[in-house]
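Each chain is listed here by its residues.
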Amino acid sequence: MERYKTRAGVVLTCVCGEWLLVSAAALRGLCPFVTVINESSAFLWKRLQSGTDAEELERAVREEYEIEDPETVRSVIVAFLQQMREMNYLEEAGKETGKAND
Amino acid sequence: MEKIYQAEYAGHPVRYVFLNPFTRQHFKFWLKPVEGEEYDIKATPEQVARTLAHMPETNPEYYAEYKFLILPTSDYLLRYRCCLFHAVAFLWRGRAWLLTAPSGTGKTTQFLNWRKLHPGEITMICGDLPVLELRDDGSVWVHSSNWNGKEGVGSFQSAPLGGTILLEQGGVNRIGRLNVSEAIPALFGQFISEYETEDQIRAVCALMDGMLSRYPAWKLVNLGDDASTELMRSVIAEETGGNDGTV
């Protein structure tokens with residue numbers, strides 16, 4: 001699995017319970033200015049910000065949402081990463097090797 | 001030595017150096033000369049030229065400087081949890097009400113309709129860019145500024161926020177509460193900021209959170225006629241008791 005990190009200049013914030021990703025001016029044209037995301041995406045974003053690798057991300061999701069099925073956990077993570085990648089909110093942080101979800 | 005002039009927004013001083021001496025006239029009574037060499041905001045000739053390039057040809061350079069200063073002023077005020085906000089702000093029954101919308105959508109028309117229909121009931125606080133302030137107790141206050149739009153109507157008043165009305169032109173008159181997910185994208189563009197830094201983004205979001213968590217917001221689809229203004233006034237009065245906008 002490729003490794004990603006959150007793009008510098010994208011800020012996770014909360015307004016009246018709504019989670020938002022807001023891009024700084026330098027990213028105009030590259031990322032959307034404001035995107036509303038759900039709570040689980042905000043959880044994953046915070047984990048990515050702190051440098052979590054794929055295994056840790058899976059473990060964190062399993063614990064936070066009490067999901068036992070590893071395929072379900074992976075699908076949630078893959079969908080989140082794909083959505084964030086498509087909006088250029090993530091930067092590649094190199095390749096992981098030997099991880100369970102490669 | 002450069003001459004330094006100071007304005008105060010929501011009680012916070014901002015010191016300017018002007019490239020063009022005629023720029024000061026647009027600030028009217030808001031400026032006073034101050035001693036010293038330190039200042040907070042000064043445009044560069046390139047920045048003024050870029051602003052001028054986006055304005056109608058008849059506008060002079062000093063007006064471009066005046067318009068350019070809006071953004072750095074607002075971003076400077078964010079450190080005090082204050083921000084310029086694109087709206088007509090008026091005082092009604094002890095509270096400030098914000099009519100907000102993109103330019104040319106009828107903010108001033110709604111204000112003028114109300115004043116005509118109910119003479120003496122409302123007072124203009126600021127015609128274009130009032131200062132919003134998030135206070136330590138979570139309340140939001142609305143203050144005047146020198147940026148009063150093409151009509152140039154404003155005052156030196158401040159008041160706690162009553163509520164926000166987002167205007168949209170339409171073929172019917174209709175008003176309803178604006179929920180948070182609708183309000184956020186609509187209001188983002190009304191806060192004046194370059195959004196250059198994380199601190200600026202967080203300060204704007206904190207202000208928006210204060211606005212939407214404690215005060216009501218409506219969306220008024222309207223024809224710009226007297227009936228639309230009466231509809232807005234009656235709904236605000238009914239839903240807030242007229243003198244207390246908090247929710």
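Reading the values: the criteria
- Residues numbered from 1 in each chain as written.
- Chains lettered and ligands numbered in written order.
- Predicted model: local features only at pLDDT ≥ 70, side-chain atom pairs only at ≥ 80, totals over all residues.
- Heavy atoms only, no water.
- Axes fitted to C-alpha atoms, helices over the stretch in contact; angles between N-to-C directions.
- Helix = DSSP H or I, 4+ residues; strand = E, 2+ residues; numbered from the N terminus.
- Parallel < 35°, antiparallel > 145°, perpendicular 65-115°, else oblique.
- Left-handed = near helix turned anticlockwise from the far one by under 90°.
- Contact = heavy atoms within 4.5 Å.
- Nonpolar A, V, L, I, M, F, W, Y, C, P; charged D, E, K, R; others polar.
- Domains from an automatic or database assignment.
- Buried area = accessible area lost by both parts, 1.4 Å probe.
- Salt bridge = Lys/Arg side-chain N within 4 Å of Asp/Glu carboxyl O.
- Polar contact = N/O pair within 3.5 Å; in protein donor to acceptor, adjacent residues only side chain to side chain.

A. The packing of helix α5 (residues 180-188) of chain B against helix α6 (residues 198-214) of chain B, seen in detail. All names here are of chain B. Following both chains from N to C, one finds α5 and α6 inclined at 135 degrees, their axes separated by 11 Å at the closest point. As summarised for this structure, α5 and α6 are arranged oblique, according to the angle between their axes. In the crossing of α5 with α6, the sense of the turn from one axis to the other is right-handed. For the pair α5 and α6, the contacting residues are Ala183, Ile184, Leu187 and Phe188 in the first and Val204, Cys205, Met208, Met211 and Leu212 in the second. Taken together, the residues of the contact of α5 with α6 sort by class into nine nonpolar, no polar and no charged.

B. Looking closely at the domain arrangement of chain B. Residue and element names in this part refer to chain B. Domain boundaries in chain B define domain 1 (4-68) and domain 2 (85-240). The straight-line distance from the C-alpha centre of domain 1 to that of domain 2 is 26 Å. For the domain 1 face of the interface with domain 2, the top three residues by lost area are Ala10, Trp30 and Tyr66, together amounting to 60%. Across the contact surface, domain 1 and domain 2 share zero salt bridges. Run the count over domain 1 and domain 2 and you get three residue pairs in polar contact (both at pLDDT 80 or more). Residues that form the side of domain 1 that touches domain 2 fall into these classes: seven nonpolar, one polar and one charged.

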